[in-house]
Structure formats: structure tokens, C-alpha cells
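# A structural walkthrough
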Amino acid sequence: MEQKQMEARLAALEAEFAEKKHTEEDIIRQHRMELEAEFLHHNKTVSEIKMRIMAKEKDLAALKKEHICRKAELYSEFVESDE
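Residues numbered from 1 in each chain as written. Predicted model: local features only at pLDDT ≥ 70, side-chain atom pairs only at ≥ 80, totals over all residues. Heavy atoms only, no water.

From N to C terminus, the protein chain includes one helix and zero strands. On C-alpha atoms alone, the protein chain measures out to a radius of gyration of 36 Å, which is more than a quarter above the 12 Å that the 2.2 N^0.38 rule sets for 83 residues. Along the longest, intermediate and shortest principal axes, the C-alpha atoms of the protein chain span 120 × 15 × 10 Å. Taking all 83 residues of the protein chain together, 0% fall into the buried category. (Helix = DSSP H or I, 4+ residues; strand = E, 2+ residues; numbered from the N terminus. Rg over C-alpha atoms; globule rule 2.2 N^0.38 Å. Buried < 20%, exposed > 50% of the residue type's maximum accessible area, 1.4 Å probe, protein only.)

The structure is reproduced here in C-alpha cells:
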């Protein structure tokens, strides 16, 4: 094999590699974009669930407050009726 033939084959090999490499890089880039989209969807879902939990915790706190107030009223009525 002469040097010119070897250089031509080497150049063809490099070109083939560059094309395959570019294709693989495109696929990797696409997968990374899909992953980011999934993270965004996941984070949005988690945030919505956390907001629902916080709303229910607020409702529960209001129920506890109302219960304690009603209990205090009941004790007050009991003490006043004994006097």
C-alpha cells in the first residue's frame, strides 16, 4: 500500500467516524433533553402534591384550634355552673 492510498483510507475512516460520532452525540443530546423534561414534570408533580399537603395541614390546624376553643368553652360552662 502506498502512502497516498493509506492517507486516503485514513481520511475516509476519519470522515466515517466523525459522522457516526455526530449521530451519537445528537442522540445523547436528545436523551438529555428528554431527561430534563421528565425532571420538570416530576418537580411540578411533587410541588403540586406538597401544596395539597400544606393546604390539608392548614385545614387540620384550623380544626384543632376550633376543637380547643370549643373544649375551653365547655370547661368554662362547667366552672360557671358550679359557682
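Here we take up the environment of Glu2. On the secondary structure map, Glu2 appears in the segment before helix H1 (3-82). Under the relative-accessibility criterion, Glu2 is labelled exposed at 58%. Sequence separation between Glu2 and Glu25 is 23 residues; the distance between their C-alpha atoms is 34 Å.

To continue, consider the pattern of salt bridges. Throughout the structure, instances matching the rule amount to six salt bridges. Lys21 is paired through a salt bridge with Glu25; the nearest N and O atoms lie 3.9 Å apart. On the criterion of helical spacing, the pair formed by Lys21 and Glu25 is a turn pair, its members being four residues apart in helix H1. Owing to a relative accessible area of 33%, Glu25 belongs among the partly exposed residues under this scheme. Across the salt bridge formed by Glu48 and Lys44, the nearest N and O atoms sit 3.8 Å from each other. (Salt bridge = Lys/Arg side-chain N within 4 Å of Asp/Glu carboxyl O.)

A word on a nonpolar patch on the surface. Side chains of Met1, Met6, Leu10 and Leu13 sit close together on the surface and give an oily, nonpolar patch of about 430 Å² of accessible area. By the secondary structure assignment, Leu10 is in helix H1. Given the relative accessible area of 42%, Leu10 is considered partly exposed. (Patch = residues over 30% accessible without salt bridge, like charges linked within 9 Å, V, L, I, M, F, W, Y side chains within 5 Å. Areas by Shrake-Rupley, 256 points an atom, 1.4 Å probe, with all protein chains shown as cover.)

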